[in-house]
Amino acid sequence: MANNNHVSIWVCPVCKLPLTKPCIGPEKNSEGTLTQQWLCDNQHSFDIAKEGYINLLLPQQKRSPSPGDTKFMVSSRQDFLSQGYYQPLSEKITELTSSHLGANSILLDSGCGEGYYLQQLIAHKSDIHIFGIDISKEATKIASRLIKNGHFAVASSFNLPVLTNSIDCLLRIFAPGDNIEAARVLKKKGVLIVISPGPRHLFALKKLLYKEAKEHTPQEALDNFSLLDEEKVSYRLEVKGAKQISQLVSMTPLYWQTDKTAQDNLNTLASLCTEIDFVIRTYRPIKDNAWANASIKQ
Ligand SMILES: C[S@@+](CC[C@H](N)C(=O)[O-])C[C@H]1O[C@@H](n2cnc3c(N)ncnc32)[C@H](O)[C@@H]1O
Ligand SMILES: [Zn+2]
C-alpha cells in the first residue's frame, strides 16, 4: 500500500482491485494535454482532474446528477468558516486527531467538504498522509486545490473506494456515513472520530425559525464500535450581519427546512447570538478475524 513517497488507499469502484500510481493516459483532455490517470489491473481508468482529485463515484451510485452540497452551500460554508466562528472546534479536532496519529499515519476525512479542518490539521501535523472524500464535486475540487499534499476523491461514504484495514483515523465531521464501511476500512487499532451537534446546538437560531424548537437527540451507540472517549465543545457565538447568519443556516440541515418567511425574518437581523454545542466521540472498531479477509462491499 505504501512507500513514503507514494501512498494509496484507493480501490477501483468497478472491480474493487487496488488503483495504482498515476500514469499518463492515452486520452487528451479538452485543453489538448495528455490526462493523468489511476488504473487498476483490469484497466479501468480514472482521470485526475486538474485540481488533483479523482472521481470514483459511479453513475449508479448517484441519486441526482450533482449529489451532495451545491456550489452555493460550499462557498457559503467556506466564507463563514474563514471568519473563525468554528475555530475552537477546529483546534479541538486537531488536538484530538493528532493524539492518535504517529508519523506516516493515514487519515481519511469522510464527507470532508472543502477541507477546512484538514487544512488546520496538516499545518499542525505535516508528517501524516491525508485523504478526503466527498460526494460533492464542488467541495472536493476546492479541498484538492487548497490542500496540495492531500489526496481527494469524489465518492460516497456509504461505499468507500478504499482498501480494507488501511486507515488509522477516520474523521466524520457533520457528515453522513456507514458504520460497517467505517469498520471495514479502519485498521484494528484505528479510530473513528465523529463530530456531531450536541442537544443545544444553534438553539436560539432554531427558536427564530420554528414555533417549537427541539433539541438534538443524542447519538445512539454505534454497531461494530466501542466508545473510547467523548468530549464537548460549547460556547456562545455572536454572528454579525444578515449575510453571515444566512451562511450559517446554509451549512446546516436547517437550510433544507427553512421556508421563505423564516428566511425573510432572518434577513432583517443585524446580529445573532446563539449556542454552539458540539460533541466529539472517538470510537474503536470491534474487529474479529472476519475483517482480516473482508472484501470491499460490492
Ligand atoms: C454539513 S457538510 C460538512 C462538511 C465538512 N465535514 C465540514 O464540516 O466542513 C456535509 C458534507 O457531507 C457531504 N456528503 C453528503 N452525503 C455524502 C455521502 N453519501 N458521501 C460522502 N459525502 C457526503 C456533503 O457534500 C457535504 O460536503
Ligand atoms: Zn477495476
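You'll find the structure just up there.
The shown structure was predicted, so the numbers you read here are calculated from the model rather than taken from an experiment.

A few words on the packing of helix α1 (residues 71-81) against helix α4 (residues 137-146). Axis separation between α1 and α4 bottoms out at 8 Å; the angle between their running directions is 40°. In terms of their interaxial angle, α1 and α4 are classed as oblique. Together, K71, V74 and Q78 of α1 and E138, A139 and I142 of α4 make up the contact between the two elements. Taken together, the residues that form the contact of α1 with α4 break down as 3 nonpolar, 1 polar and 2 charged.

Surveying the vicinity of ligand 1 reveals 19 residues, the closest of which are G68, G111, G113, S136 and A175. Residue composition of the shell around ligand 1, grouped by class: 10 nonpolar, 6 polar and 3 charged.

Running from N to C, helix α2 (residues 87-98) and helix α3 (residues 116-124) cross one another at 55°; their axes reach a closest spacing of 9 Å. On the basis of their axis angle, the class for α2 and α3 is oblique. In this structure, α2 meets α3 at a crossing whose hand is right-handed. Residues S90, I93, T94, T97 and S98 of α2 form the contact with α3, whose own contacting residues are Y117, Q120, L121 and H124. Taken together, the residues that form the contact of α2 with α3 break down as 3 nonpolar, 6 polar and no charged.

Definitions and cut-offs
- Residues numbered from 1 in each chain as written.
- Chains lettered and ligands numbered in written order.
- Predicted model: local features only at pLDDT ≥ 70, side-chain atom pairs only at ≥ 80, totals over all residues.
- Axes fitted to C-alpha atoms, helices over the stretch in contact; angles between N-to-C directions.
- Helix = DSSP H or I, 4+ residues; strand = E, 2+ residues; numbered from the N terminus.
- Parallel < 35°, antiparallel > 145°, perpendicular 65-115°, else oblique.
- Contact = placed C-beta atoms within 7 Å.
- Nonpolar A, V, L, I, M, F, W, Y, C, P; charged D, E, K, R; others polar.
- Near = placed C-beta within 6 Å.
- Left-handed = near helix turned anticlockwise from the far one by under 90°.

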